[in-house]
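# Observations on the three-dimensional arrangement
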Amino acid sequence: MSYGVFQQYYFDNWTLEGDRNSTGFIGTTANGVMYLSMPFLFALFTRRWAHRRRLAALCGTVIACASFFLSSYSTTVGHLVATQAITSALGCALIYSPITLSLGEWYSDSNRALAYGIVLSCKNIVGTGCPFLLRALIDAYGFRTTLRAWTAIVGGTSVLAICMIPTHPSRLTGYETRARKIPWDFLRHRSIYFYSIAIVFQSSGYGIPQTYLSTYARDITRLSQASGTLMLALFNAPGIIASSFFGWLSDNSRVRLPTPTVSAIPPIACAIATFFFWGLTTEGGLGLLVVFSMAFGFFAGGYSATWGGMLKQLERESADRNEAVDSGMLYGLLNGVRGIGYASGGSRA
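Where an unreviewed UniProt entry is consulted, the chain appears under the name Monocarboxylate transporter 2, with the organism given as Apiospora saccharicola. The UniProt entry for the chain carries this comment under Sequence similarities (unreviewed entry): "Belongs to the major facilitator superfamily. Monocarboxylate porter (TC 2.A.1.13) family." You can read under Subcellular location (unreviewed entry) in the UniProt record for the chain the words "Membrane".

Here is the structure:
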């Protein structure tokens, strides 16, 4: 969420071996690796190793912390890619997957989309405050000390949070989870492919502003370094409200909008904001860039919260056909599809 701060620092204070332009895809690649690994992790922890979720999340914390710490000693672009874009992402995925599966089990009724939205809004809280924190640390101590401080923050907060999350009682018995197989009947439904294509296109553009907005604000519009950090924070801040809003909209019983309609609102609005606000920004045009950051951040940041509605539709279709369905596995596949979009968007950028 805040990699753009590091991207700007690497570009302005290049001391590593290799092409500094290559650092631009580290942020999108990290997101891509994390999301691409989720279908496999969700499949593993939804049934067979469900009783090992807390242990897996703690192992993920160790991997993520070790990656960030080793990244502080990087001397080449390859080191940064290996630690910041690959191994740290795998560690974060090991934290995210078991925890999200437990969330879906505790909130399996009509308020599940809202629960997902509230949790997803937390990443935007971090994405709003951390650009200023990281910028202050980098300016004062450099990126190496900043990464070591970030290692301590990730380790302390993750371990505390993981120990507070209960595993659903239905997943505590190991032999029961091994006896049941994951149902794949949903692959015969057209809806899963429709939503997968939509997620690929949306996510392929989502990570680009996060990575390049700070650099764009300084190099193209000739704004100050502080303005670039502000743009990144303004990009993430609206998502705090948007995730909960779109989760509520997906669950709302009074405003009954079809799931395809709800899921189509964010990407269409993002395209309009990009064309009119970012596309028309000129040198010194802070106003339009602020509007773009907030508009794009609101709608793009809330898109994942619409997945709760997608899951409900796929569950209804399976129930109508008298087919079994595993919601956790479905959610993992949607995350994997998002990883394809992130990875393709990073390569094009």
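### Thoughts on the packing of aromatic side chains
All told, the structure shown has 22 aromatic pairs when counted by the stated rule. A ring pair is formed by Y10 and F143, whose centres lie 5.3 Å apart and whose planes are at 85 degrees; its orientation type is edge-to-face. Pair noted here: Y10 is in helix α1 (residues 3-12) and F143 is in helix α5 (residues 112-164), with a separation of 133 residues, a long-range link. Of the two residues, Y10 and F143, neither departs from the other in class, the shared state being buried. For the pair F275 and F276, a centre-to-centre distance of 5.0 Å together with 85 degrees between the ring planes defines the contact as edge-to-face.

### Some points on the pattern of salt bridges
Oppositely charged side chains can pair when the atoms bearing their charge come close. If you walk through the whole model with that rule in mind, you get three salt bridges. Two residues, D139 and R135, come together in a salt bridge whose shortest N-O distance is 3.3 Å. Placement of both D139 and R135 in helix α5 is noted, with a separation of four residues, approximately one turn of the helix. When its relative accessible area of 8% is taken as the criterion, R135 is described as buried. Two residues, R188 and E323, come together in a salt bridge whose shortest N-O distance is 3.2 Å. Residue R188 is found in the loop between α6 (174-179) and α7 (190-219), and its partner E323 is found in the loop between α12 (307-320) and α13 (327-348); the two are separated by 135 residues along the sequence. Judged by its relative accessible area of 16%, E323 is buried.

### Some points on empty space enclosed by the protein
Any space left empty among the atoms is revealed by the rolling of a water-sized probe across them. Tallied over the entire structure, the rule returns two cavities of 30 Å³ or more. Taken as a whole, the largest cavity spans an internal volume of roughly 70 Å³. Considering the residues around the largest cavity, the lining is formed by R53, R54, P98, I99, S102, I162, I165 and T167. No other element matches the three residues that helix α4 (residues 77-106) contributes to the lining of the largest cavity. Class assignment for the residues of the lining of the largest cavity results in four nonpolar, two polar and two charged. When its volume is computed, the second largest cavity comes out at roughly 30 Å³.

### Remarks on the packing of helix α10 (residues 259-278) against α12
Taken N-terminus to C-terminus, the directions of α10 and α12 make an angle of 155 degrees; their axes are 9 Å apart at the nearest point. As far as their axial angle goes, α12 and α10 are roughly antiparallel. Relative to α12, α10 is oriented so that their crossing is left-handed. Mapping the contact onto sequence places T259, P260 and S263 in α10 and G309, M310, Q313 and R316 in α12. Residue composition of the contact of α10 with α12, by class: two nonpolar, four polar and one charged.

The rules behind the values
- Residues numbered from 1 in each chain as written.
- Predicted model: local features only at pLDDT ≥ 70, side-chain atom pairs only at ≥ 80, totals over all residues.
- Heavy atoms only, no water.
- UniProt positions renumbered as here; feature names shortened; annotations may be inferred.
- Phe/Tyr/Trp six-rings, centres within 6.5 Å; stacked < 30°, edge-to-face > 60°.
- Helix = DSSP H or I, 4+ residues; strand = E, 2+ residues; numbered from the N terminus.
- Buried < 20%, exposed > 50% of the residue type's maximum accessible area, 1.4 Å probe, protein only.
- Salt bridge = Lys/Arg side-chain N within 4 Å of Asp/Glu carboxyl O.
- 1 Å grid on protein atoms, 1.4 Å probe; cavity = no way out; pocket = protein on both sides within 12 Å on 5 of 7 lines; lining within 4 Å.
- Points joined across faces, edges and corners; volume = space filled by probe spheres on them.
- Nonpolar A, V, L, I, M, F, W, Y, C, P; charged D, E, K, R; others polar.
- Axes fitted to C-alpha atoms, helices over the stretch in contact; angles between N-to-C directions.
- Parallel < 35°, antiparallel > 145°, perpendicular 65-115°, else oblique.
- Left-handed = near helix turned anticlockwise from the far one by under 90°.
- Contact = heavy atoms within 4.5 Å.

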